[in-house]
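Listed here are the chains, written in short residue letters.
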Amino acid sequence: MKVKGYAGMYFKIRDGRRVYTFHYRDSRGAMHWREIAGSLDDALAAQAELKGKRRRGERIVAAKDSPTVEEYATAWLERKRNLAPGTRASYEGHLRNHVVRVLGPVRVSKLTDEDVLALLADSKVRKLRPATQAGILRVFGTCLQRAVRDGLLPSNPVRLLERDERPKLTSDDASDVRALPSEHIARLLGGAAKIGDDGRARDMLAIAVFSGLRQSELLALKWGDIDYREGFIRVRAQLERSTRTLAPLKTKSARRDVILMPQLARLLRERQLRSRFSTESDFVFGTQDGAPMLHRNMTRRVWAKALDRAGLADEGYDLHHLRHSFASILISQGHDVVFVSRQLGHASPVITLRVYSHLFDARDKAKQARDALEDEFGALISL
């Protein structure tokens, strides 16, 4: 039945309620009907939106002609030709293992914020880390933003989520920012020394703890990057996980000079002198044939074995906690946020504060407490 006073708008009764429908033409000129389960205002808004798209020359696709999430995500990833291999593998993993798993058959044009919430709920049920949840949301949101440009969606449902609906914690959350206490660092390096690989495991982990290098940066190190005279490790490249080749760093800030403590410099110099591959173009921690070490081999043959021999296998540490340990050491020594940020290669000190605010706060409060005690009671003790 026609809705009086509104051209092209109709309604029918279903389960005692009005359901509104209107017809429209897609970009190919084909006629379609759209059904709105909400109020008349909702139906009029949807009708006006489609009319506005037609006036602006935007693409209009019928819901039944819309690709599924699986189809669109696959095509979107194929169009992203400039992605680094590691980034592509990460995107593909997030989409295939998580997004498509839950929303694969859903038509893109039918997606709502409720579907995104269902995706997040599934990730929580499977106890994915908050950082992983945030990564999935970021990749899916980027994919759907392209769908908006393609005229498949009026707006991005990922962006419709409110703050309290998003992952409460990210990789920057303090629960993930674990630093090894000094006694555990000593045990870890002692355990690594027991592996029996001419000290390579111990040297790798010592550099990781006291330089804060990411795993990909550590594996990409060449002897030419070690500046013994000035006392710096010059981070200039990273090792791609999938291709085992050197690649540019992801950001300009990641290109940095990290302080090299004298004892580490001596350790590296000794290793270089006894290495068969010791020229500036050779890898610091290469394999027996001089090739770069694979990420998984470092994780299995160095990291896991060192934890086991140190009796720390049940502590839940991962390699990234060594980077957090370096940050924790710098902060506890009183260095300011700008210096710490540069050493870690963060894009901005704001990121460093967000990640390590609890460490800066603890340090500052301890100093305030010491100063206050001294001011109020120092004279009593000196009597």
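Preceding this section is the structure that the text describes.
Residues numbered from 1 in each chain as written. Predicted model: local features only at pLDDT ≥ 70, side-chain atom pairs only at ≥ 80, totals over all residues. Heavy atoms only, no water.

> Help me understand the packing of helix 3 (residues 85–103) against helix 4 (residues 113–125), please; the structure alone is not making it clear to me.
Each pair of packed helices can be described by the angle between their axes along with the distance between the axes. In contact at an axis separation of 10 Å, helix 3 and helix 4 are set at 125 degrees when each is read in the N-to-C sense. Between helix 3 and helix 4, the angle falls in the class oblique. Classified by chirality, the crossing of helix 4 by helix 3 is right-handed. Contacts from His98, Val99, Arg101, Val102 and Leu103 of helix 3 reach helix 4 at Asp115, Ala118, Leu119 and Asp122. For the contact of helix 3 with helix 4, the per-class residue count stands at 5 nonpolar, 1 polar and 3 charged. (Axes fitted to C-alpha atoms, helices over the stretch in contact; angles between N-to-C directions. Helix = DSSP H or I, 4+ residues; strand = E, 2+ residues; numbered from the N terminus. Parallel < 35°, antiparallel > 145°, perpendicular 65-115°, else oblique. Left-handed = near helix turned anticlockwise from the far one by under 90°. Contact = heavy atoms within 4.5 Å. Nonpolar A, V, L, I, M, F, W, Y, C, P; charged D, E, K, R; others polar.)

> Mind showing me how you'd approach the pairing of strand 5 (residues 232–235) here?
On any regular strand, side chains alternate: one points to one face of the sheet, the next to the other face. Covered by surrounding structure in strand 5 are Ile233 and Val235 only, the residues Phe232 and Arg234 on the alternate face being uncovered. Strand direction decides the pairing type here: strand 4 (residues 226–227) and strand 5, joined by 2 bridges, are antiparallel. In the sheet register, Asp227 faces strand 5, and the bridge partner there is Phe232. In sequence, strand 4 turns back onto strand 5 through a hairpin of 4 residues, with Gly231 there showing a positive phi of about 80 degrees. Bridging between strand 5 and strand 8 (residues 256–259) involves 4 bridges; their strand directions are antiparallel. Pairing of Arg234 across the sheet is with Asp257, part of strand 8. (Buried < 20%, exposed > 50% of the residue type's maximum accessible area, 1.4 Å probe, protein only. Pairing = 2+ DSSP bridges.)

> Is there a simple way to explain the pattern of salt bridges in this structure?
If charged atoms from side chains of opposite charge come close, those side chains can pair. Applying the stated criterion to the full structure yields 15 salt bridges. Between Arg363 and Asp364 there is a salt bridge; the shortest N-O distance is 3.4 Å. By relative accessible area, which is 23% here, Arg363 ends up partly exposed. Look at Asp364 and you get partly exposed, because its relative accessible area is 34%. (Salt bridge = Lys/Arg side-chain N within 4 Å of Asp/Glu carboxyl O.)

Nothing here speaks to function; it is all geometry.
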